[in-house]
Every structure is written in structure tokens, then in C-alpha cells.
Amino acid sequence: MARCIQGLTISGPTVAVFGAAGQTAFETLEQRASGPALVRRAQQLGLTGPDAIALCRTALERPGLARDIVDSAAAELAVHVAILANALEPTLIVLGGGLGCAPGRYWSVFRAALPRHTWGPHMRRLPVRQAQLGTKAGLIGAALSAIEA
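If you're wondering where the values come from, they're calculated on a predicted model, not measured in any experiment.

So, the layout of surface pockets
Empty space among the atoms can be located by rolling a probe the size of a water molecule over them. By volume, the second largest pocket is sized at about 200 Å³. Looking at the second largest pocket, it is lined by 13 residues, and the ones nearest its centre are Ala52, Ile53, Cys56, Ala102 and Pro103. Only helix H3 (52-61), helix H5 (97-100) and helix H6 (105-113) provide two or more residues apiece to the lining of the second largest pocket.

What about unusual backbone geometry?
Among all residues except glycine, the phi angle is most often negative; among peptide bonds, the trans geometry is most common. In this structure, Glu89 takes a positive phi of about 45 degrees despite not being glycine. Tracing the chain through its elements places Glu89 in the loop between helix H4 (65-88) and strand S3 (93-95). The class of Glu89 is partly exposed, set by a relative accessible area of 37%.

Comments concerning the pattern of salt bridges
Applying the stated rule across the entire model yields three salt bridges. Between Glu61 and Arg62 there is a salt bridge, with the nearest N and O atoms lying 3.6 Å from each other. Since its relative accessible area comes to 46%, Arg62 is described here as partly exposed. Residue Arg105 pairs with Asp71 through a salt bridge whose shortest N-O separation is 2.7 Å. Of this pair, Arg105 sits in helix H6 while Asp71 sits in helix H4, and the two are 34 residues apart along the sequence. A relative accessible area of 23% means that Arg105 is categorised as partly exposed.

Considerations on the confidence of the model for the protein chain
Overall, the predicted model of the protein chain reaches an average pLDDT of 82, with 85% of residues at or above 70. Here strand S1 (residues 13-18) stands out as the element of the protein chain with the lowest mean pLDDT, 58, in contrast to H6, whose mean of 94 is the highest. Across residues 1-10 the pLDDT falls below 50, and counting only partners more than four positions away or on other chains, this stretch makes 18 contacts in the model.

Things to note about the packing of H4 against H6
When two helices pack together, their arrangement is given by the angle between the helix axes and by the axis-to-axis distance. Running from amino to carboxyl end, H4 crosses H6 at an angle of 45 degrees, the nearest separation of the two axes being 8 Å. When the interaxial angle is binned, H4 and H6 end up oblique. Judged by the twist between their axes, the crossing of H4 over H6 is right-handed. Across the interface between the two elements, Arg67, Val70, Asp71, Ala73, Ala74, Ala75, Leu77, Ala78 and Val81 from H4 touch Arg105, Tyr106, Val109, Phe110 and Ala113 from H6.

Examining the nonpolar core
Of all hydrophobic cores here, the largest spans 29 residues; its most connected members are Leu38, Leu77, Tyr106, Phe110 and Leu114. Counting residues per element, the ones that place at least two in this core are helix H2 (35-44), H3, H4, S3 and H6. In contact with Leu38, not counting residues within four places along its chain, are Leu55, Cys56, Ile69, Val70, Ala73, Leu99 and Tyr106.

A look at H6
For an α-helix the count is 3.6 residues per turn, leaving residues at separations of three or four pointing the same way. Those residues of H6 that sit buried are Tyr106, Trp107, Val109, Phe110 and Ala113. Buried residues in H6 make contact with helix H1 (30-33), H2, H4, S3, H5 and strand S4 (128-130).

Considering the packing of H2 against H3
The contact between H2 and H3 brings their axes to 9 Å, and the two run at 70 degrees. Judged by the inter-axis angle, H2 sits roughly perpendicular to H3. Touching Gly35, Leu38, Val39 and Ala42 of H2 are Ala52, Leu55 and Cys56, all from H3. Counted by class, the contact of H2 with H3 contains six nonpolar, one polar and no charged residues.

Criteria and cut-off values
Just so you know, the residues in each chain are numbered from 1, in the order the chain's sequence is written. With the structure being a predicted model, the display of local features is reserved for residues of pLDDT at least 70 and the display and counting of side-chain atom pairs for 80 or more, all residues being used for whole-chain, interface and lining totals. With hydrogens and water excluded, all non-hydrogen atoms of the structure serve as input to the side-chain values. In the cavity and pocket records, a cavity denotes points on a 1 Å grid over the protein atoms alone where a 1.4 Å probe fits but cannot get out, a pocket denotes an open set with protein on both sides within 12 Å along at least 5 of 7 lines, and lining residues are residues with an atom within 4 Å of a point. Grid points are joined across faces, edges and corners, and a volume is the space filled by probe spheres set on the points. Helix and strand definitions here come from DSSP, where helices need a minimum of 4 consecutive H or I residues and strands a minimum of 2 consecutive E residues; each element is numbered from the N-terminal end. For every residue, the accessible area obtained with a 1.4 Å probe (protein chains only) is divided by the maximum for its type, and the residue is called buried under 20%, exposed over 50%, and partly exposed between those limits. Criterion for a salt bridge: a side-chain nitrogen of Lys or Arg within 4 Å of a carboxyl oxygen of Asp or Glu. Along the chain, pLDDT gives the predictor's confidence residue by residue, from 0 to 100. Every residue pair with non-hydrogen atoms within 4.5 Å of one another is taken to be in contact. Where helices are involved, their axes are fitted lines through C-alpha atoms of the stretch in contact, as for all axes, and angles between N-to-C directions lie from 0 to 180°. Any angle that is under 35 degrees is reported as roughly parallel, and any over 145 degrees as roughly antiparallel; angles of 65 to 115 degrees are reported as roughly perpendicular and all others as oblique. Less than a right angle of anticlockwise turn of the near helix away from the far helix marks a crossing as left-handed, whereas a clockwise turn marks it as right-handed. We define the nonpolar core as a collection of buried residues of types Ala, Val, Leu, Ile, Met, Phe, Trp, Tyr and Cys that are connected through side-chain atoms lying within 4.5 Å of one another. Asp, Glu, Lys and Arg are counted as charged, while Ala, Val, Leu, Ile, Met, Phe, Trp, Tyr, Cys and Pro are counted as nonpolar; the rest, among them Gly, fall into the polar class.

This is the structure we're talking about:
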């Protein structure tokens, strides 16, 4: 029997962020690894660009701050997906959303990082695909879950 996680959005506080004054704040994965999060982080670090697409394009073209931002977000997503995969042992992972469905550096860094955080030889061979429905995958999955409920 195939096991899958459908329509999953990580929106609860999952990441501890430690401030300079020793303060701890919690952020959602969405606040750390989504397209808007990449743009926000780039702007905080002084980079200018119209959107995540431009940032990802810059990251693909040359090393530097843009690449560091994209790589760290993709690697962070891989850690969180691996935690779920280790706990639930799905037979397939499908990544959706704007960044998840985009070709390029975000996807390739995510794919390279995921096996480093999964357990056991069968989990390291776990198929990972990009959603064919693109950015609408989560919305359609949520609607399907509501209909089935």
C-alpha cells in the first residue's frame, strides 16, 4: 500500500531563530524556505531584485550571497521533509509550489540534501518528484482532502 503526504503545508512554528541579544523566536518553514522568504532575506542582506525568480537566476549564474540564500533555504526544506519521511516512511514525495516546481538550483540543492537526512538505504532511494500541477498542487490537494472528508 502506498503511503503519501497530501496537501501538506508547514505553517506552524518549526524553526528556532536565535537573535543577537540571546532572544529566541520561532518561525514557520514557510517564513524560511518559500519564494517570498528568499526575497525578504535577500532584501535584509542588501540585495535588490524583483522576485524569487530573479534571485534564483542569479544564484544559478554565479556564486555569492544570492546562491547562499537559495542553497540554505533548499537545504532547510530538505531537513524538514526528511524528518517527515523518516517518521512516515512514504513511498513517494511530491514537491509543489513555486520554488518546488521550478527547475534550477533550489530543486537540485533540495534533491542533493534530502538523502543526507533520511535513514536507511530504502529511504535514500525514495522517489522525489515535482508536482505536475505546479503551483496549484497544494490547493487541489487541500480541496480533494476536504471533499473526501
